[in-house]
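# Residue-level structure breakdown
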Amino acid sequence: MKKVYNIGVEATLEVIGGKWKPVILCHLIHHGNIRTNEFRRLIPGISQKMLTSQLRELEQSGLINRKVFNQVPPKVEYSLTPYGREMEPVLNLLCTWGEKHIEILIDNGDDVLLMQRDEDIAVKQTS
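Summarised in this report is the structure supplied together with it. Computed from a prediction, not measured in an experiment: that's the story for all the values here.

## Some words on the overall build of the protein
Scanning the protein from terminus to terminus reveals seven helices and three strands. Reading the secondary structure of the protein in the N-to-C direction produces α-α-β-α-α-β-β-α-α-α. When the backbone C-alpha atoms are referred to their principal axes, the protein occupies close to 50 × 45 × 30 Å. Counting every position in the protein, which comprises 127 residues, the buried fraction comes to 28%. Of the contacts made within the protein by residues no fewer than 6 positions apart, 45% connect residues no fewer than 24 positions apart.

Shown next as structure tokens:
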């Protein structure tokens, strides 16, 4: 049976939807190759089970590579594929919009804290 999308964003959300996939992809954009334990440090709210699941789904979608090094203890690194790199402008726009939204929440008196701005992470990566 043919898969039908009513609008293009449905296909996008099918691939990167959920709480963690865009966060994982953003970290790969800014940090390059990342090991599993580094993800746990960068994304403290994610469980190991959820991280593993999300990484597998992103790999199956062709957005990330998983490289296993033959050593003891085992070492696994994740990186963006060229196809995954194409998500960078989309994710950058989401980050920018989110930062503006947080500013509005703060202006409205909400108790909100942004730990790192996207541009701060990008600056650290290039320096």
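## Re the packing of helix H2 (residues 21-31) against helix H6 (residues 88-107)
What describes two packed helices is the angle between their axes and the distance between those same axes. With their axes 10 Å apart at the nearest point, H2 and H6 run at an angle of 110° to one another. In terms of orientation, H2 and H6 fall into the roughly perpendicular class. The way H2 lies across H6 gives a crossing that is left-handed. Together, Pro22, Leu25, Cys26 and Ile29 of H2 and Glu88, Leu91 and Cys95 of H6 make up the contact between the two elements. Looking at the contact of H2 with H6 residue by residue, the class counts come to six nonpolar, no polar and one charged.

## Observations regarding the nonpolar core
Membership of the largest hydrophobic core comes to 21 residues, with the highest contact counts inside it found for Ile24, Leu25, Leu28, Phe39 and Ile64. For this core, the elements supplying multiple residues, two or more each, are H2, helix H4 (48-60) and strand S3 (75-80). Counting residues per element, this core draws most heavily on H2, which supplies five residues. In this structure phenylalanine 39 touches Ile24, His27, Leu28, Ile34, Leu51, Leu55 and Tyr78, once residues within four positions along its chain are discounted.

## Brief notes about a nonpolar patch on the surface
On the surface, a cluster of nonpolar side chains totalling about 280 Å² of accessible area is made up of Ile7, Val9 and Leu13. Topologically, leucine 13 is positioned in helix H1 (residues 8-16). Here leucine 13 falls in the exposed class, since its relative accessible area comes to 51%.

## A closer look at H4
Along its 13 residues, H4 runs 18 Å from first to last C-alpha, staying within 8% of the 18 Å computed at 1.5 Å per residue. Within H4, the full set of buried residues consists of Leu51, Gln54, Leu55 and Leu58. Down the axis of H4, the sector holding all buried residues measures 100°, keeping them to one side. For H4, the exposed residues set more than 90 degrees away from the buried face come down to Lys49, Arg56 and Gln60. Two residues or fewer past H4, glycine 62 is found with a positive phi of approximately 85°.

## Thoughts on the packing of aromatic side chains
Following the criterion strictly, the structure yields one aromatic pair and no others. Residue placement shows lysine 75 over the ring face of phenylalanine 69; its charged tip is 4.6 Å from the ring centre.

## What to know about the packing of H1 against H2
At their nearest, the axes of H1 and H2 sit 8 Å apart, and the two run at 75° to each other. Classified by the angle their axes make, H1 and H2 are roughly perpendicular. Along the contact surface, H1 presents Glu14, Val15 and Ile16, while H2 presents Lys21, Pro22 and Leu25. In terms of residue class, the contact of H1 with H2 is built from four nonpolar, no polar and two charged.

Reading the values: rules and limits
Residues numbered from 1 in each chain as written. Predicted model: local features only at pLDDT ≥ 70, side-chain atom pairs only at ≥ 80, totals over all residues. Heavy atoms only, no water. Helix = DSSP H or I, 4+ residues; strand = E, 2+ residues; numbered from the N terminus. Buried < 20%, exposed > 50% of the residue type's maximum accessible area, 1.4 Å probe, protein only. Contact = heavy atoms within 4.5 Å. Axes fitted to C-alpha atoms, helices over the stretch in contact; angles between N-to-C directions. Parallel < 35°, antiparallel > 145°, perpendicular 65-115°, else oblique. Left-handed = near helix turned anticlockwise from the far one by under 90°. Nonpolar A, V, L, I, M, F, W, Y, C, P; charged D, E, K, R; others polar. Core = buried A, V, L, I, M, F, W, Y, C linked by side-chain atoms within 4.5 Å. Patch = residues over 30% accessible without salt bridge, like charges linked within 9 Å, V, L, I, M, F, W, Y side chains within 5 Å. Areas by Shrake-Rupley, 256 points an atom, 1.4 Å probe, with all protein chains shown as cover. Salt bridge = Lys/Arg side-chain N within 4 Å of Asp/Glu carboxyl O. Expected span 1.5 Å × (residues − 1). Arc of directions from axis to C-beta. Phe/Tyr/Trp six-rings, centres within 6.5 Å; stacked < 30°, edge-to-face > 60°. Lys NZ or Arg CZ within 6 Å of the ring centre and 35° of its normal.

Shape is all these values report; function is a separate question.
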